[in-house]
Amino acid sequence: MDIQKVLRQEKKYLLAAEQGARLAAKLEKVIQGDPHNGENGYMVRSLYFDTLNNKDYEEKMAGTEVRRKVRLRVYDPEDDFALIEIKQKQGGNQLKRSMKISREHAQKLSEGDYSPLTQYKDPFAGEVYGILNMSAYIPRTIIEYRRKAFIMPENSIRITFDSQINATESNRDLFSQNLLFYPVQNPWKVILEVKYNGFLLSYVKNILQAADKSEIAVSKYCMGRAISYSNLQMV
């Protein structure tokens, strides 16, 4: 089983939806669109895991220098596979590693049964299995959103526009067609993510610099957990 490994810098910005549409239109003229984009981008759905004491959530909110996120990801509830991923913050870089697992195994993981990971020979599967069990991780929340992406092979550049960000903690079935989501982002806002290894090419940098944007550090996982976490602290 091939492991995908990407190490790059990652910056996030908050844009007005109208401005995001204009910026995306400019990028379309000079950068290749993700082949999955379609007319309105594509869906991303992730199930995030966290420890019993919410370690990953709290470290992200505290800005801890070295931290991680563990998640399952699909792009369509009808998919016959999912990606198990670990995303780690390492100084100014983000390291993301991912591996395909079967739909059946992903459903087991979403129920808190991590034993299917022992059926994969790759050491990454064993590492994820160890983290989930030894640190007492449990399935926490599902985040779903629409993404429009642009890619360049040079310096592993990837620029994405994420909107319609929703979450649910009432059902952690990653493949369900009937999830009851609630919005966690202003519908008139878009999150711009700029990812690259080394440096941005000058003409891409110039297009992005023309946008009126505010850099943000919040993660979609934290956005989805904010309400329930606040209620938990009040108990």
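How each quantity is defined
- Residues numbered from 1 in each chain as written.
- Predicted model: local features only at pLDDT ≥ 70, side-chain atom pairs only at ≥ 80, totals over all residues.
- Heavy atoms only, no water.
- Helix = DSSP H or I, 4+ residues; strand = E, 2+ residues; numbered from the N terminus.
- Buried < 20%, exposed > 50% of the residue type's maximum accessible area, 1.4 Å probe, protein only.
- Contact = heavy atoms within 4.5 Å.
- Areas by Shrake-Rupley, 256 points an atom, 1.4 Å probe, with all protein chains shown as cover.
- Lys, Arg positive; Asp, Glu negative; His and termini not counted.
- Charge placed at Lys NZ, Arg CZ, Asp CG, Glu CD.
- Expected span 1.5 Å × (residues − 1).
- Arc of directions from axis to C-beta.
- Phe/Tyr/Trp six-rings, centres within 6.5 Å; stacked < 30°, edge-to-face > 60°.
- Lys NZ or Arg CZ within 6 Å of the ring centre and 35° of its normal.
- Core = buried A, V, L, I, M, F, W, Y, C linked by side-chain atoms within 4.5 Å.
- Polar contact = N/O pair within 3.5 Å; in protein donor to acceptor, adjacent residues only side chain to side chain.

Engineer: Whenever I open this one, the overall build of the chain confuses me. Can you help?
Structural biologist: In terms of helices and strands, the chain carries six helices and 11 strands. Each principal axis of the C-alpha atoms in the chain carries an extent, and together these give about 50 × 45 × 35 Å. When burial is assessed residue by residue, the chain has 49% of its 235 residues classed as buried. The long-range share in the chain, meaning contacts at least 24 apart out of those at least 6 apart in sequence, stands at 70%. Within the structure as shown, the chain displays about 11900 Å² of accessible surface, and the carbon and sulfur contribution to it stands at 50%. Computed over 35 positive and 29 negative side-chain charges, the inter-centroid distance for the chain is 5 Å.

Engineer: In this structure, what is going on with helix H1 (residues 17–28)? I would like to understand it.
Structural biologist: Helical geometry note: an α-helix holds 3.6 residues per turn, so side chains three or four residues apart project in the same direction. Here H1 spans 16 Å end to end across 12 residues, near enough to the 16 Å set by a 1.5 Å rise per residue. Buried within H1 we find Gln19, Gly20, Leu23, Ala24 and Leu27. For H1, the buried positions fall inside an angular range of 135 degrees around the axis, keeping them on one side. Check the buried side of H1 and you find it contacts strand E1 (3–16), strand E7 (137–152), strand E8 (157–168), strand E10 (189–196) and helix H5 (202–209).

Engineer: Help me understand the packing of aromatic side chains in this model?
Structural biologist: If you walk through the whole model with that rule in mind, you get five aromatic pairs. For the ring pair Phe49 and Tyr114, a centre distance of 5.9 Å and an interplane angle of 75 degrees mean the geometry is edge-to-face. Here Phe49, found in strand E3 (residues 42–51), pairs with Tyr114, found in the loop between helix H3 (103–110) and helix H4 (123–134); they are 65 residues apart in sequence, far enough to count as distant. Accessibility expressed as a relative area gives 1% for Phe49, which makes it buried. Between Tyr57 and Tyr221, the ring centres sit 6.3 Å apart and the planes meet at 85 degrees, which makes this aromatic pair edge-to-face. Of this pair, Tyr57 sits in helix H2 (residues 55–62) while Tyr221 is found in helix H6 (residues 220–234), placing the two residues 164 residues apart along the sequence. Here Tyr57 matches Tyr221 in class, with each residue buried. Linked through ring pairs, Tyr48, Tyr57 and Tyr221 together constitute an aromatic cluster. A cation over a ring is seen here: Arg225 above Tyr57, with NZ or CZ 5.8 Å from the ring centre.

Engineer: Explanation requested: H2 in the structure shown.
Structural biologist: Turning to H2, its buried residues are Asp56, Tyr57, Glu59 and Lys60. Note on H2: the residue one or two positions beyond its end, Gly63, has a positive phi of about 75 degrees.

Engineer: Which parts of the structure should I look at to understand the nonpolar core?
Structural biologist: One broad trend across soluble globular proteins is that nonpolar side chains are buried collectively. With 25 residues, the main nonpolar core has Phe49, Val70, Leu72, Ile84, Ile101, Leu109 and Leu132 as its most contacted residues. Put simply, the parts of the chain that give this core at least two residues each are E3, strand E4 (66–74), strand E5 (81–90), strand E6 (93–102), H3, H4 and E7. Considering every element that reaches this core, the biggest residue donor is H4, with five residues. If we ignore the near neighbours within four places in the chain, the residues touching Leu109 are Phe49, Leu72, Ile84, Ile101, Tyr114, Pro116, Leu117 and Pro139. Ala24, Phe150, Val194 and Leu200 belong to the second largest nonpolar core, which has 21 residues in total.

Engineer: Mind showing me how you'd approach the side chain of Gln88 here?
Structural biologist: Positionally, Gln88 belongs in strand E5. A polar atom in the side chain of Gln88 sits 3.1 Å from the side chain of Arg97. Discounting residues that sit within four places of it in the chain, Gln88 has contacts with Arg67, Arg68, Asn93, Gln94, Leu95 and Arg97.

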